[in-house]
Amino acid sequence: NAGVTQTPKFQVLKTGQSMTLQCAQDMNHEYMSWYRQDPGMGLRLIHYSVGAGITDQGEVPNGYNVSRSTTEDFPLRLLSAAPSQTSVYFCASSQGGRSNQPQHFGDGTRLSIL
Amino acid sequence: AQSVAQPEDQVNVAEGNPLTVKCTYSVSGNPYLFWYVQYPNRGLQFLLKYITGDNLVKGSYGFEAEFNKSQTSFHLKKPSALVSDSALYFCAVRDMDAGNNRKLIWGLGTSLAVNP
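Here is what the cut-offs are and how they apply
Residues numbered from 1 in each chain as written. Chains lettered and ligands numbered in written order. Predicted model: local features only at pLDDT ≥ 70, side-chain atom pairs only at ≥ 80, totals over all residues. Heavy atoms only, no water. Helix = DSSP H or I, 4+ residues; strand = E, 2+ residues; numbered from the N terminus. Rg over C-alpha atoms; globule rule 2.2 N^0.38 Å. Buried < 20%, exposed > 50% of the residue type's maximum accessible area, 1.4 Å probe, protein only. Areas by Shrake-Rupley, 256 points an atom, 1.4 Å probe, with all protein chains shown as cover. Lys, Arg positive; Asp, Glu negative; His and termini not counted. Charge placed at Lys NZ, Arg CZ, Asp CG, Glu CD. Pairing = 2+ DSSP bridges. Contact = heavy atoms within 4.5 Å. Buried area = accessible area lost by both parts, 1.4 Å probe. Salt bridge = Lys/Arg side-chain N within 4 Å of Asp/Glu carboxyl O. Polar contact = N/O pair within 3.5 Å; in protein donor to acceptor, adjacent residues only side chain to side chain. Nonpolar A, V, L, I, M, F, W, Y, C, P; charged D, E, K, R; others polar. Disulfide = S-S within 2.5 Å.

1. With respect to the overall build of chain A
Logical step 1: Check the secondary structure of chain A and you find zero helices and eleven strands.
Logical step 2: Its helices and strands in sequence order give chain A the pattern β-β-β-β-β-β-β-β-β-β-β, from N to C terminus.
Logical step 3: Against the 2.2 N^0.38 benchmark of 13 Å for 114 residues, chain A shows a C-alpha radius of gyration of 13 Å, consistent with a compact globule.
Logical step 4: In terms of its C-alpha atoms, chain A occupies a principal-axis envelope of roughly 40 × 30 × 30 Å.
Logical step 5: For chain A, buried positions account for 50% of its 114 residues.
Logical step 6: Looking at chain A as shown, the accessible area adds up to about 5200 Å², and 48% of this sits on carbon and sulfur atoms.
Logical step 7: Between the mean site of the 8 positive side-chain charges and the mean site of the 8 negative ones, chain A shows a separation of 8 Å.

2. Description of the pairing of strand β2 (residues 10-14) of chain B
Two faces make up the sheet, and in a regular strand the side chains alternate between them.
All names here are of chain B.
Logical step 1: On β2, burial follows the alternation: Val-11 and Val-13 on one face are buried, whereas Gln-10, Asn-12 and Ala-14 on the facing-out side are not.
Logical step 2: Note that β2 and strand β12 (residues 110-115) share five bridges and pair parallel. Within β12, the residue paired with Gln-10 across the bridge is Ser-111.

3. Focus: the interface of chain B and chain A
Logical step 1: With 20 residues of chain B at the contact, the number on the chain A side is 23 residues.
Logical step 2: Here chain B and chain A share an interface that buries about 1800 Å² over both sides, 54% of which is from carbon and sulfur atoms.
Logical step 3: Taken together, the connections running from chain B to chain A amount to one salt bridge.
Logical step 4: A salt bridge links Asp107(A) to Arg42(B), with the shortest nitrogen-to-oxygen separation between them at 3.0 Å.
Logical step 5: Applying the counting rule to chain B against chain A returns seven residue pairs in polar contact (both at pLDDT 80 or more).
Logical step 6: Residue assignment for the side of chain B that touches chain A shows that the elements contributing at least two residues are β5 (31-38), β6 (44-50) and β10 (87-95) of chain B.
Logical step 7: With four residues, the top contributor of residues to the side of chain B that touches chain A is β5(B).
Logical step 8: For the side of chain B that touches chain A, the residue count by class is eleven nonpolar, four polar and five charged.

4. Quick notes on the side chain of His75(B)
Logical step 1: As for its placement among the helices and strands, His75(B) is situated in strand β9 (residues 73-78).
Logical step 2: Sequence-distant contacts of His75(B), that is, excluding residues within four places in its chain, are made with Thr20(B), Val21(B), Lys22(B), Cys23(B), Thr24(B), Trp35(B), Glu64(B), Ala65(B) and Glu66(B).

5. Observations concerning the state of the cysteines
Logical step 1: As enumerated under the stated definition, the model contains two disulfides over all chains in all.
Logical step 2: What pairs with Cys23(A) in a disulfide is Cys91(A), and their sulfur atoms sit 1.9 Å apart. Linking Cys23(A) and Cys91(A), the disulfide has an S-S dihedral of approximately -70 degrees and is accordingly described as left-handed. Of the two residues, Cys23(A) is situated in strand β3 (residues 19-25) and Cys91(A) in strand β9 (residues 87-94); the sequence distance between them amounts to 68 residues. An identical accessibility class is assigned to Cys23(A) and Cys91(A); each is buried.
Logical step 3: Paired by a disulfide, Cys23(B) and Cys91(B) hold their sulfur atoms 2.0 Å apart. Of note, the bridge from Cys23(B) to Cys91(B) carries an S-S torsion of about -65 degrees and is left-handed in sense. One end of the pair, Cys23(B), is in the loop between β3 (19-21) and β4 (24-26); the other, Cys91(B), is in strand β10, and 68 residues separate them in sequence. You'll find Cys23(B) and Cys91(B) in the same group, each marked buried.

Shown next, in the form of structure tokens:
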């Protein structure tokens, strides 16, 4: 009964380094998304996917890439980390095709960029 | 434009007292409304939702929320607060008339502190 699993839980990077935040769900959900959470700014949508092979930008996509090769996995890539990307990142999934379905969240990745 | 407002950054309540966390929204169509809770160092957890029907919605952990269309509000309530209810609460709305747009509009969150 894993739900949404995010790895790693914590990461420290230097400016300019790259890394991939992993997200996997075992609920066969079509819809997956990435958010960042910053103090005083709530949740902001980075990228989302409505199914395998389909991704789209959210409100703050710059500096991030995503891909969705399988239903289960939705990795988030930082190509060249910047201090402004220091944040807590959450992956979420929900049952596709029904916008009244709640989202299931992972426990987050806490990322610090030095 | 679609928006959600949680007018209180923090709510303090004594254990055993009733609690209310406020949420107002603005969408052009009919709303789907959600409440989520976030405990420290955890992801958000779904509490309850309003889609249609009865304006009073019951959810997890004894929470309930009342949909008020005329006031465009969806306040979260609990008759008797517990210390363990202390957490960050988020209201979210989705415009059900927005076609394939599945993006949720999130409030900024309200920190609830229940004092023993």
